[in-house]
Amino acid sequence: MKGLYLYIDLLTLAGPLFLSFDKRVRFYRHWKALFAGILVMMLAFIPWDIAFTNEGIWGFNERYLTGVSLFNLPLEEWLFFIVVPYACVFIYACVLSYFPKVSGTSKLFFGGARLFALTLITVGAMNYGRLYTSITFLTAGFYLLYHVYRQSHYLRAFIMAYVISLIPFLIVNGVLTGTGIDGEIVWYNKLHNMGLRLVTIPIEDTIYSLLMLLITTHVFEALKKSN
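Everything numeric here is computed off the predicted structure, so don't read it as measured data. (Residues numbered from 1 in each chain as written. Predicted model: local features only at pLDDT ≥ 70, side-chain atom pairs only at ≥ 80, totals over all residues. Heavy atoms only, no water.)

Asks: I'd like a rundown of the layout of surface pockets, residues and numbers included.
Replies: There is about 360 Å³ of room inside the largest pocket. Surrounding the largest pocket, 24 residues form its lining, Phe-80, Val-84, Phe-169, Asn-173 and Leu-176 being those nearest its centre. Contributions of two or more residues to the lining of the largest pocket are made by helix 1 (4–19), strand 1 (58–60), helix 3 (75–98), helix 6 (155–176), strand 4 (186–188) and helix 7 (203–224). One number sums up the size of the second largest pocket: a volume of about 220 Å³. Every residue lining the second largest pocket is listed: Lys-2, Thr-53, Gly-59, Phe-60, Glu-62, Leu-65, Gly-67, Val-68, Ser-69, Asn-72, Leu-73 and Pro-74. Mapped onto the lining of the second largest pocket, the elements with two or more residues apiece are strand 1 and strand 3 (73–74). A class-by-class count of the residues in the lining of the second largest pocket yields five nonpolar, five polar and two charged. (1 Å grid on protein atoms, 1.4 Å probe; cavity = no way out; pocket = protein on both sides within 12 Å on 5 of 7 lines; lining within 4 Å. Points joined across faces, edges and corners; volume = space filled by probe spheres on them. Helix = DSSP H or I, 4+ residues; strand = E, 2+ residues; numbered from the N terminus. Nonpolar A, V, L, I, M, F, W, Y, C, P; charged D, E, K, R; others polar.)

Asks: Provide a residue-level description of helix 2 (residues 31–54), including the pertinent values.
Replies: The end-to-end C-alpha separation of helix 2 is 33 Å, in line with the 34 Å expected for 24 residues at 1.5 Å each. For helix 2, the principal kink sits at Met-42 and spans about 35 degrees. Positive phi appears at Gly-56, one or two residues downstream of helix 2, with a value of about 75 degrees. (Expected span 1.5 Å × (residues − 1). Bend = angle between axes of the 7 residues up to and from the residue.)

Asks: Requested: an account of the pattern of salt bridges, with residues and values cited.
Replies: In total, this model carries three salt bridges according to the counting rule given. Among the ionic pairs, Asp-182 bridges to Arg-63, the shortest N-O distance being 3.3 Å. With Asp-182 in the loop between helix 6 and strand 4 and Arg-63 in the loop between strand 1 and strand 2 (69–70), this residue pair connects regions lying 119 residues apart in the sequence. Of the residues examined, Asp-182 reaches a relative accessible area of 53% and is grouped as exposed. Where Glu-221 meets Lys-224, a salt bridge forms, and the shortest distance between an N and an O atom there is 3.0 Å. Taken together, the residues span about one helical turn, with Glu-221 and Lys-224 both in helix 7 at a distance of three residues. In this structure, Glu-221 and Lys-224 share a single accessibility class: buried. (Salt bridge = Lys/Arg side-chain N within 4 Å of Asp/Glu carboxyl O. Buried < 20%, exposed > 50% of the residue type's maximum accessible area, 1.4 Å probe, protein only.)

Asks: Please provide a residue-by-residue account of unusual backbone geometry, values included.
Replies: A positive phi angle is found at Arg-26, which is not glycine, with a value near 45 degrees. Looking at the element boundaries, Arg-26 is found in the loop between helix 1 and helix 2. A relative accessible area of 36% places Arg-26 in the partly exposed class. Phi is positive for Asn-72, close to 70 degrees, though the residue is something other than glycine. Looking at the element boundaries, Asn-72 is found in the loop between strand 2 and strand 3. For Asn-72, a relative accessible area of 46% puts it in the partly exposed group.

Take a look at the structure:
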């Protein structure tokens, strides 16, 4: 289906955008901080995406695209880095609104987060030759470790929102990687990942998403109070 990736982007955005005006969450008040966070994240992720696309580490099936591209990335891929963080930070804002006590510090939580970060770093180091695995796991591990030692007050709420976001993630990324369709919208070079999949989704995508959203949330939190 021509343009399927674009339709997925638009459907991903539709619900969170409509609910941004909910009286309790009022997410629209923080758009300035949100889009600043998305911009900072894109400054890191777009060059990464371009480099990996050019090196054939991943790529895109033209039969599902509109055909519009910039710097060898489809329009839909550019939109992905806007609509997915928007939707997921909206989930984070809902968590803060409906579960305000989830914020704060906890030795048990930060101990678990430290262990998880060290596990990511270890897996990344052990898969040095697999570029998608190593770069994603190492970067996410060290970035998460930074937040653990900084004891970021929003990290617990972020992790809760991230876990919730895995539900729509499995649907959206599932279709992108071939669930329910003929072929894949986004394909991956098997030489550069571990080959472990959640149905059709490379396990690396879950950590890639974690890193992308944590960067966005970090900037969002830093700027939110000044809005």
